[in-house]
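Listed here are the chains, written in short residue letters.
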Amino acid sequence: MSAAVEFRELLDYSDHERRKWGEWVDTDRHRMDIAFQAGGSFATVGSLFDHIFLVEVRHSYRLQGKELPTESGLEPHDIDALFAYAELGREGVRQFLTTVGIDDLNQARDDKVASGVYRMSPRKLLFHMVLHEVRHWAQIAVAVRMAGFSPPGDHDLFYSKALI
């Protein structure tokens, strides 16, 4: 017996998580300034939002063979711009999924990233994108709890309506 989860179902779950976090920070935009990683690459929750969305844009461009942006160019506290940018990446992923053939999804290729060159298939990169985001949402949830806030709603896939 084999069980399968459709990639679109994972995107639906991720979309739902994005909406929850977007609404949560929109109710108090100062939440974007919650400390995340003092002295690190992501000093605030807002800067980690930027990272999450930039990575997806970069990888969606990588899948489409486009030139990769090095930064979003957005202010980490500009919620509206950040979530519009996130939609750019997500739309790129959804567009790629409508055009790629099943054989091409498993075709390994070399992808250059900051830490080196890695051989992977578009399928692996797609799953990495969703898992990368989910991992960071969990880190943000810990940071906001440590700052005395309650994160928005239940986050585990267990509670998601994206899958039955």
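The preceding data block contains the structure.
Residues numbered from 1 in each chain as written. Predicted model: local features only at pLDDT ≥ 70, side-chain atom pairs only at ≥ 80, totals over all residues. Heavy atoms only, no water.

This part takes up the side chain of serine 60. In this structure, serine 60 sits in helix 2 (residues 45–64). Classification of serine 60 by relative accessible area gives buried; the value is 1%. Polar contacts involving the side chain of serine 60 include one to the main-chain carbonyl oxygen of valine 57, which spans 2.9 Å. (Helix = DSSP H or I, 4+ residues; strand = E, 2+ residues; numbered from the N terminus. Buried < 20%, exposed > 50% of the residue type's maximum accessible area, 1.4 Å probe, protein only. Polar contact = N/O pair within 3.5 Å; in protein donor to acceptor, adjacent residues only side chain to side chain.)

This part is about helix 3 (residues 79–99). For helix 3, with 21 residues, the first-to-last C-alpha span of 31 Å sits near the 30 Å given by 1.5 Å per residue. Along helix 3, the positions that sit buried rather than exposed are Ile79, Leu82, Phe83, Tyr85, Ala86, Gly89, Arg90, Gly92, Val93, Phe96 and Leu97. Looking down the long axis of helix 3, one finds its buried residues gathered within 165 degrees of arc, a one-sided arrangement. For helix 3, the exposed residues lying more than 90 degrees away from the buried face are Asp80, Thr98 and Thr99. On its buried face, helix 3 is in contact with helix 1 (7–27), helix 2, helix 4 (102–105) and helix 5 (122–146). (Expected span 1.5 Å × (residues − 1). Arc of directions from axis to C-beta. Contact = heavy atoms within 4.5 Å.)

One pass over the structure, following the stated rule, counts 13 salt bridges. The salt bridge involving glutamate 17 is made with lysine 20; its shortest N-O contact spans 2.8 Å. Taken as a pair, glutamate 17 and lysine 20 lie in helix 1 at a separation of three residues, close to a single helical turn. Look at glutamate 17 and you get buried, because its relative accessible area is 2%. Taking relative accessible area as the criterion, lysine 20 reaches 14% and is therefore assigned buried. Across the pair arginine 18 and glutamate 56 runs a salt bridge whose closest N-O atoms are separated by 3.0 Å. Of this pair, arginine 18 sits in helix 1 while glutamate 56 sits in helix 2; the two residues are 38 residues apart in sequence, bridging distant segments of the chain. One exposure class covers both arginine 18 and glutamate 56, and it is buried. Each of the salt bridges in this network shares a partner with another, and the network as a whole consists of Asp12, Asp15, Arg18, Glu56, Arg90, Arg94 and Glu133. (Salt bridge = Lys/Arg side-chain N within 4 Å of Asp/Glu carboxyl O.)

When two helices pack together, their arrangement is given by the angle between the helix axes and by the axis-to-axis distance. Where helix 1 contacts helix 5, the two axes come as close as 11 Å, and the packing angle between them is 30 degrees. In terms of axis orientation, helix 1 runs roughly parallel to helix 5. Seen from above, helix 1 lies across helix 5 with left-handed handedness. Here helix 1 contributes Phe7, Leu10, Leu11, Tyr13, Ser14, Glu17, Arg18, Trp21 and Trp24 to the contact with helix 5, which in turn contributes Leu126, Phe127, Val130, Glu133, Val134, Trp137, Ile140, Ala141 and Val144. (Axes fitted to C-alpha atoms, helices over the stretch in contact; angles between N-to-C directions. Parallel < 35°, antiparallel > 145°, perpendicular 65-115°, else oblique. Left-handed = near helix turned anticlockwise from the far one by under 90°.)

Here we come to the nonpolar core. Trp21, Val25, Phe49, Phe53, Trp137, Ile140 and Val144 are the most contacted members of the largest nonpolar core, which has 23 residues in total. Within the residue set of this core, elements represented by two or more residues are helix 1, helix 2, helix 3 and helix 5. If you tally residues by element for this core, the top one is helix 2, at eight residues. Residues contacting tryptophan 21, with those up to four places away along its chain left out, are Phe49, Phe83, Trp137, Ile140, Ala141, Val144, Pro151, Pro152 and His155. Residues Leu10, Leu105, Met129 and Val130 belong to the second largest nonpolar core, which totals 14 residues. (Core = buried A, V, L, I, M, F, W, Y, C linked by side-chain atoms within 4.5 Å.)

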